Amino acid sequence: VSAPWQGRALTVLGATGSIGTSTLDVAARLGIPVHGLSARSRIDELAAQCREHRPAVAVVPDAAAAARLRALVPGQRVEHGPEALDAIAADPAVGAVITAIVGAAGLAPTLAAVRAGKRVGIANKEPLVMAGALIMAEAARCGAAILPVDSEHSAIFQCLEGHRGHEVAELLLTASGGPFRTVMDLSAVTREQALKHPTWTMGPKITIDSASLMNKALEVVEARWLFGIGPERIRVLVHPQSVVHSMVAYRDGSVMAQLGRPDMRTPIQYALTFPEHTAGPVAAPDFATLAALTFEEPDRRRFPSIDFAYAALRTGGAAPAALNAANEVAVQAFLDRRIPFTGIFRVLERVLALDHGPADDLGQVVAADQRARILAAEGL
Ligand code: NDP
Ligand code: MG
């Protein structure tokens, strides 16, 4: 890889997940050495990854998990705890980090990678939603290169290459619409139905977010910070085929789109090889067999999530962090069968209506996140 971080190794935060395993597949094909891998609960899977990818360090949450991993992989260096997670993100041997932890838990190691000036491929969008302004400012200060892994943002990033930001009319963020796009009554949909995504195979949290369109809401906030563009110039379009990953409309009416198969290895690889499009495992779409590419407005009445994102951005401060935290609590409650699907929207609406204060520093963001979790849980 003739990337700027050539010769240095890769750390994958959240290696055992959907993005993590795809990242290791891409890294192995590119011959990129692995420095750090982390997992939370899937220790057997992490052990198998250690045998295959030979990381310098593996990180797990606690001493018991560390002992288990050491027993499974004799000779493997194993560390545990949050400081160890930050350390594999910031180690001098590391050139690039892919953030593939789910949720706010990824905030601290994402910041550690940014502050160490790494190339940071961001899949874990929740930290950007919570603290986008802070993360982007730290990246500029510390010389970190933030590259989007989220397919829509990778698409927009590519559509902006070689163009001038001030000539952009709007970013067109595409959404599959999820499994309930054509389900008119959402009051009785089940956990099993929500976990069946029509086009993408992903971890459970983002799969529920895709069903509620909260994933797209989080992505509006993510785009706002990644591309430094006002929310009034970010528009969501439903595109059920998930072939056009997103678009950029320019002021002269010209629209750039990026297309590809729904396989996260494409944007993961580009985050690692940018500015090069090197050979990879994913073929281009076969246009002769694509029946149609269709686009429609999202139904904001059935799916109020997207409006929540714009409202949180309008309020500013810690409102997006609170929205994200409330969503994490609500999604878990839905997965645990404690609330119905539409209960997610009720929790979000209630928490968003409260005052969450400013987000001028990390302390305020973390405090707002924790407070919003309590407020969300109180009303379940
Ligand atoms: P998964 O649930 O499949 O994987 C999550 C990973 O994070 C696992 O390795 C898990 O460990 C680890 N993890 C979970 N919670 C914690 C925690 N509290 N502390 C430390 N590690 C933790 O998620 P995905 O791969 O689907 O998604 C990861 C991120 O990427 C999310 O933010 C998602 O929004 C984003 N994303 C995902 C896409 C996809 O296609 N999957 C597409 C675009 C963005 P373990 O499994 O061992 O418990
Ligand atoms: Mg996405």
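Whatever comes next refers back to the structure up there.
Residues numbered from 1 in each chain as written. Chains lettered and ligands numbered in written order. Predicted model: local features only at pLDDT ≥ 70, side-chain atom pairs only at ≥ 80, totals over all residues. Heavy atoms only, no water.

Colleague: Residues and numbers for the sheet that holds strand β10 (residues 244-250), please.
Modeller: Within the open sheet, the four strands sit side by side as β9-β8-β10-β11. Their pairing is mixed. Because the sheet does not close on itself, it has two edges, and the strands there are β9 (234-238) and β11 (255-259). Put simply, the sheet's adjacent strands are angled 20° from each other on average, direction ignored. Direction of pairing for strand β8 (residues 168-175) relative to β9: parallel, over a ladder of five bridges. When the sheet's bridge partners are listed, alanine 175 is paired in β9 with valine 238. Relative to the sheet, helix α7 (residues 151-160) contacts β8, β10 and β11, its axis offset from that of β10 by approximately 40°. (Pairing = 2+ DSSP bridges. Helix = DSSP H or I, 4+ residues; strand = E, 2+ residues; numbered from the N terminus. Axes fitted to C-alpha atoms, helices over the stretch in contact; angles between N-to-C directions. Contact = heavy atoms within 4.5 Å.)

Colleague: How would you explain the pairing of β11 if you had to name every residue and give the values?
Modeller: Direction of pairing for β10 relative to β11: antiparallel, over a ladder of five bridges. Paired with methionine 247 across the bridge in β11 is alanine 257. Taking the residues between adjacent antiparallel strands as the criterion, β10 and β11 are bridged by four residues, where glycine 253 takes a positive phi near 90°.

Colleague: Quick rundown of the nonpolar core? Include the residues and the values.
Modeller: In this structure, Leu69, Leu171, Leu272 and Phe341 are the most contacted members of the largest nonpolar core, which totals 120 residues. Sequence-distant contacts of leucine 69, that is, excluding residues within four places in its chain, are made with Ile43, Leu46, Ala47, Ala58, Val60 and Val78. Leu172, Leu237, Val244 and Ala249 belong to the second largest nonpolar core, which has five residues in total. (Core = buried A, V, L, I, M, F, W, Y, C linked by side-chain atoms within 4.5 Å. Buried < 20%, exposed > 50% of the residue type's maximum accessible area, 1.4 Å probe, protein only.)

Colleague: Please give an account of the coordination of the magnesium ion (ligand 2) that cites residues and values.
Modeller: Listed as protein donors to the magnesium ion (ligand 2) are Asp150 (OD), Glu152 (OE) and Glu219 (OE); their distances from the metal cover 2.1 to 2.2 Å. Between the donor residues of the magnesium ion (ligand 2), the gaps in sequence give the motif D-x1-E-x66-E. Placement of the pair is aspartate 150 in the loop between β7 (145-148) and α7 and glutamate 219 in helix α10 (residues 214-226), with a sequence separation of 69 residues. Like glutamate 219, aspartate 150 is buried. (Donors = N, O, S within 2.8 Å, 3.2 Å for Na, K, Ca; no water.)

Colleague: I'd like a rundown of the site of ligand 1, residues and numbers included.
Modeller: For ligand 1, the set of nearby residues contains 24 residues, the closest of which are Thr16, Ser41, Arg42, Glu126 and Gly203. The contact in question runs from an oxygen atom of ligand 1 to an N or O atom on the backbone of alanine 123, over 3.4 Å. In the environment of ligand 1, an oxygen atom lies 2.8 Å from a nitrogen or oxygen atom belonging to the backbone of glycine 203. Across the complex, the protein chains shield 90% of the 890 Å² of accessible surface that ligand 1 would expose by itself. Per-class residue counts for the shell around ligand 1 are 12 nonpolar, seven polar and five charged. (Near = heavy atom within 4 Å. Polar contact = N/O pair within 3.5 Å; in protein donor to acceptor, adjacent residues only side chain to side chain. Areas by Shrake-Rupley, 256 points an atom, 1.4 Å probe, with all protein chains shown as cover. Nonpolar A, V, L, I, M, F, W, Y, C, P; charged D, E, K, R; others polar.)

Colleague: Requested: an account of unusual backbone geometry, with residues and values cited.
Modeller: Following phenylalanine 274, the chain continues to proline 275 via a peptide bond in cis, the omega torsion being 10°. In this structure, arginine 54 takes a positive phi of about 45° despite not being glycine. Tracing the sequence through the fold places arginine 54 in the loop between α2 (43-53) and β3 (57-60). By relative accessible area, which is 64% here, arginine 54 ends up exposed.

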